[in-house]
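# Structural characterization, general
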Amino acid sequence: MSPSYLSNVPEGPPDAILGIAEAFKSCTDERKVNVCVGAYRDSTGKPWILPSVRKAEERLLVDPTVNKEYAPIAGDAKYVDLALGFAYGTDADMTKLAGVQTLSGTGACRVGGHFLSKFVPKPEGMDKVPIYIPNPTWGNHIAIFNNCGMDVRRYRYYNSKTNRLDYDGLIEDLKEAPEGSVILLHACAHNPTGCDPTMEQWKDISDLIKSKKHHCFFDSAYQGFASGDAEADASALRLFVSEGHNVVLAQSFAKNFGLYGERTGTLSVVCNSLEERSAVMSQLKLIIRPMYSSPPIHGSSIVKTVLTDEELTAEYYDNCKEMATRINAMRVKLVEVLKEVGSEHDWR
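Residues numbered from 1 in each chain as written. Predicted model: local features only at pLDDT ≥ 70, side-chain atom pairs only at ≥ 80, totals over all residues. Heavy atoms only, no water.

Counting buried positions along strand β7 (residues 215–220) gives five out of six residues, so the element sits mostly inside the fold. Bridge count for strand β6 (residues 182–186) against β7 is five bridges, and the pairing is parallel. Considered in β7, the bridge of His186 is made with Asp219. In this fold, the crossover linking β6 to β7 by way of helix α7 (residues 199–211) has right-handed handedness. (Buried < 20%, exposed > 50% of the residue type's maximum accessible area, 1.4 Å probe, protein only. Helix = DSSP H or I, 4+ residues; strand = E, 2+ residues; numbered from the N terminus. Pairing = 2+ DSSP bridges. Right-handed = clockwise from strand over helix to strand, strands pointing away.)

Here it is as structure tokens:
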């Protein structure tokens, strides 16, 4: 075989998170523990399918009206409406929300970043739209927004010496960001620290962002999974909407519904009018069509089935609370054991 360009392709580095997951699978030590991927496990270390999700799936299997046709470019409209109601509240003005189904939160960030890179005005003297992401953050944020053609910058978020939010640093950095920058915010359960601002701090952050004419991009991957209360976990997002921000929201159902492999999410934009909503929807579809054409339907059908049935919805909330309660109990136990073996670190 003659030489080709393929011989000059360099070996890429393994993913920092998923690479460790692969190493875990290949490890033969019975004592191994996987602490890298943010996926819930039961007391035996196995993945847990939520009972409400299992029941929804069983209904879909016997429903004669279910088919395997392509979804529209923007996805299943009923699912999108339910998902946005879950995030923004059932009393939200849906006529002002431009929403599309995405390939989980990762796909939502990718589509949202592309949209913002294309339509947010660039600050004076800059050739790219700047997006400020917390330090630290989910590692994939950096690659996603770089690949969207954005200027990825960091703002201080967590002080590892005090194990607390670096609130003063956060405020200072957002003040110094060029006017009209995009600010990425974790809606709840900040990844990877788990440290969130108080509601009073969120209000101050909202006021600052408004005064600087920045643009808010919320990433919501843990609603309900964080505290066990999906309504409480949406408080920061809903505050910003009530304050008049044209929020962009990346929403995932991987963690809170346990639909990791189903790639189920949405991207939405809070608009000011029906005309804006129509224009934004048209542009989101133009981004999606050449990227992946249309989303998968199984995960979204599960979420739709759960959220359209009162009994399944109630059971789902119980399932979610069960996961959150167990996670919190495990954290407490871990700290207790660490102290027993001599740790003097402040784990609060």
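What follows continues from the structure just given.
The subject of this paragraph is the sheet that holds strand β1 (residues 97–103). Strand order across the open sheet formed by seven strands is β1-β9-β8-β7-β6-β2-β3, with mixed pairing between neighbours. This sheet does not close on itself; its edge strands, each paired only once, are β1 and β3 (151–156). Averaged over all neighbouring strand pairs, the angle between strand axes comes to 25 degrees, with direction disregarded. Bridge count between β1 and strand β9 (residues 264–270): seven bridges; the pairing is antiparallel. Its bridge partner lying in β9, Gly99 is registered against Ser268. On top of the sheet, α7 reaches β6 and β7; it is set at about 165 degrees to β6, its chief contact. Strands in contact with helix α10 (residues 274–291) are β1 and β9; relative to β1, the strand with the most contacts, it is inclined by about 15 degrees. (Axes fitted to C-alpha atoms, helices over the stretch in contact; angles between N-to-C directions. Contact = heavy atoms within 4.5 Å.)

To continue, consider the pattern of salt bridges. Counted under the stated rule, the structure contains 14 salt bridges. Of the charged contacts, one joins Asp151 and Arg153 as a salt bridge, the two residues approaching to 3.1 Å between their closest N and O atoms. A salt bridge links Arg164 to Asp346; the shortest N-O distance between them is 3.8 Å. In this pair, Arg164 sits in strand β5 (residues 164–165) while Asp346 sits in the segment after α12 (310–340), placing the two residues 182 residues apart along the sequence. By relative accessible area, Asp346 is classed as partly exposed at 30%. Salt bridges sharing common partners tie together Lys203, Asp207, Lys210 and Glu243. (Salt bridge = Lys/Arg side-chain N within 4 Å of Asp/Glu carboxyl O.)

A cis amide bond links Asn135 with the next residue in sequence, Pro136, at an omega value of 10 degrees. One can find Pro136 in the loop between β2 (130–135) and α5 (140–147). Between Asn191 and Pro192 the backbone carries a cis peptide bond, its omega angle lying at 20 degrees. Relative to the assigned elements, Pro192 resides in the loop between β6 and α7. Although it is not a glycine, Ser104 sits at a positive phi angle of roughly 60 degrees. The residue Ser104 is located in helix α4 (residues 104–119) in this model. Classification of Ser104 by relative accessible area gives buried; the value is 2%. At Lys213, a residue that is not glycine, the phi angle is positive and equals roughly 55 degrees. Relative to the elements of secondary structure, Lys213 occurs in the loop between α7 and β7.

Moving on to the packing of aromatic side chains. Counted under the stated rule, the structure contains 16 aromatic pairs. Arranged with centres 6.0 Å apart and planes meeting at 55 degrees, the rings of Tyr40 and Trp48 form a pair that is tilted. Measuring from centroid to centroid gives 5.7 Å for Phe145 and Phe217, while their planes differ by 70 degrees, and the two rings are edge-to-face. You can see Phe145 sitting in helix α5 and its partner Phe217 sitting in strand β7, a full 72 residues away along the chain. By relative accessible area, Phe145 is classed as buried at 0%. When its relative accessible area of 0% is taken as the criterion, Phe217 is described as buried. (Phe/Tyr/Trp six-rings, centres within 6.5 Å; stacked < 30°, edge-to-face > 60°.)

As a further point, take the side chain of Gln223. Tracing the chain through its elements places Gln223 in the loop between β7 and α8 (230–233). Among the polar contacts made by the side chain of Gln223, one reaches the main-chain carbonyl oxygen of Phe86 at a distance of 2.7 Å. For Gln223, the contacting residues outside a window of four places in its chain are Phe86, Ala87, Cys188, Ala230, Asp233, Ala234, Arg238, Gln251, Asn256 and Tyr316. (Polar contact = N/O pair within 3.5 Å; in protein donor to acceptor, adjacent residues only side chain to side chain.)

Geometric values such as these leave the question of function open.
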